[in-house]
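Architecture and fold: a report
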Amino acid sequence: MTWLVDASRVVTTGSGQQAVGYPSLFLLVLIGALVPVVPTGALVSSAAVVAFHRTAPVSLALVFATASLAAFLGDAALYLLGRRGMRSKNGSRWLEAIRARAPEERLAQAREKLAEHGVAVLVLSRLVPAGRIPVMLACLMAEWPLRRFARGNLPACLAWAATYQVIGIVGGSLFEEPWEGVVVAVALTVVISAVPGLIRRVRAAG
């Protein structure tokens, strides 16, 4: 898994390596926001593990700032592309990609919650695995301007980066070797991501 190798190299002690590592993290998270198949949560957790074992306070702050900024800019770009697709007769491949990842049932729930609670739902959506896209699409269908979306998405990205960084710190604190902490952090993010799907299957079976 190439992304895991990249993540383990994101934070290092040498200034020359840091100049490569943080831009790499930024680019990977940005791409993950635009193409929702990259495990960005695992990337942030893995980077936090390595940062914890290095110059912790400075490196962890840089990981947090890099990840949250990349997520925010990626979401804003995807939202702009979605708005352009909503206004176009033929739509756009970005809008089609967003719709494809938002089943009708979940989209209906997102629209209902957005109408009731507004920005609070947007903030929480990034903390729920696979919750970001349905809520973003609900915002598009409600014709939220970019400024309103960005105002709610900023705290969402900050909370998201902080949450996955804490997962990485927990994983890093359990082991002396960074790679062991990376494995634990990735495992935790995979489990967290799988929980909502399992809950839906149990409810459907019941």
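Look up: the structure comes first, before these words.
Now for a quick tour of the structure. (Residues numbered from 1 in each chain as written. Predicted model: local features only at pLDDT ≥ 70, side-chain atom pairs only at ≥ 80, totals over all residues. Heavy atoms only, no water.)

1. A closer look at helix H8 (residues 132-141)
Quick note on the threshold: Under the scheme applied here, a residue whose accessible area is under 20% of the maximum for its type counts as buried, over 50% as exposed, and between as partly exposed, the area being computed with a 1.4 Å probe on protein chains only. The helix and strand labels rest on DSSP assignments: H or I over at least four residues marks a helix, E over at least two residues marks a strand, and numbering proceeds from the N terminus.
For H8, the tally of buried residues reaches nine of 10 residues, placing the bulk of the element in the interior. Among all positions of H8, only Arg132, Ile133, Pro134, Val135, Met136, Leu137, Ala138, Cys139 and Leu140 are buried. Looking one or two places after H8, you find Glu143, whose phi comes out positive at around 60°.

2. Here's the deal with the packing of aromatic side chains
This is how it is decided: For this analysis, a ring pair means two rings from Phe, Tyr or Trp (six-membered ring only for Trp) whose centres lie within 6.5 Å, classed as stacked if their planes differ by under 30 degrees, edge-to-face if by over 60, and tilted for the remaining angles. Either the NZ atom of lysine or the CZ atom of arginine qualifies as a charge over a ring when it sits within 6 Å of the ring centre and within 35 degrees of the ring normal.
Taken as a whole and assessed by the stated rule, the structure comprises two aromatic pairs. Judged by centre distance (5.9 Å) and plane angle (55°), the rings of Trp160 and Tyr164 are tilted. Of the two residues, Trp160 and Tyr164 both sit in helix H9 (residues 146-173), four residues apart, roughly one turn of that helix. An identical accessibility class is assigned to Trp160 and Tyr164; each is buried. The lysine or arginine in question, Arg126, covers the ring of Trp160, its NZ or CZ lying 4.7 Å from the ring centre. Above the face of the Trp144 ring, Arg148 is positioned so that its terminal group lies 4.0 Å from the ring centre.

3. Details of the packing of helix H6 (residues 104-117) against H8
Counted only if it meets this: Lines fitted to C-alpha atoms define the axes here, with helix axes fitted over just the stretch in contact, and angles between the N-to-C directions of these axes take values from 0 to 180 degrees. Take the far helix as the reference: if the near one is turned anticlockwise from it by less than a right angle, the crossing is left-handed, and if turned clockwise, right-handed. Contacts are assigned to residue pairs with any non-hydrogen atoms lying within 4.5 Å of each other. All amino acids are sorted into three groups, where Ala, Val, Leu, Ile, Met, Phe, Trp, Tyr, Cys and Pro are nonpolar, Asp, Glu, Lys and Arg are charged, and the leftover types, Gly among them, are polar.
Contact pair H6 / H8: the axes reach a minimum separation of 8 Å and the direction vectors enclose 65°. Classified by chirality, the crossing of H8 by H6 is right-handed. Between H6, through Arg106, Leu107, Ala110, Arg111 and Leu114, and H8, the contact on the second element is made entirely by Pro134, Val135, Leu137, Ala138, Cys139 and Met141. When grouped by side-chain class, the residues that make up the contact of H6 with H8 number nine nonpolar, no polar and two charged.

These figures capture arrangement, not role.
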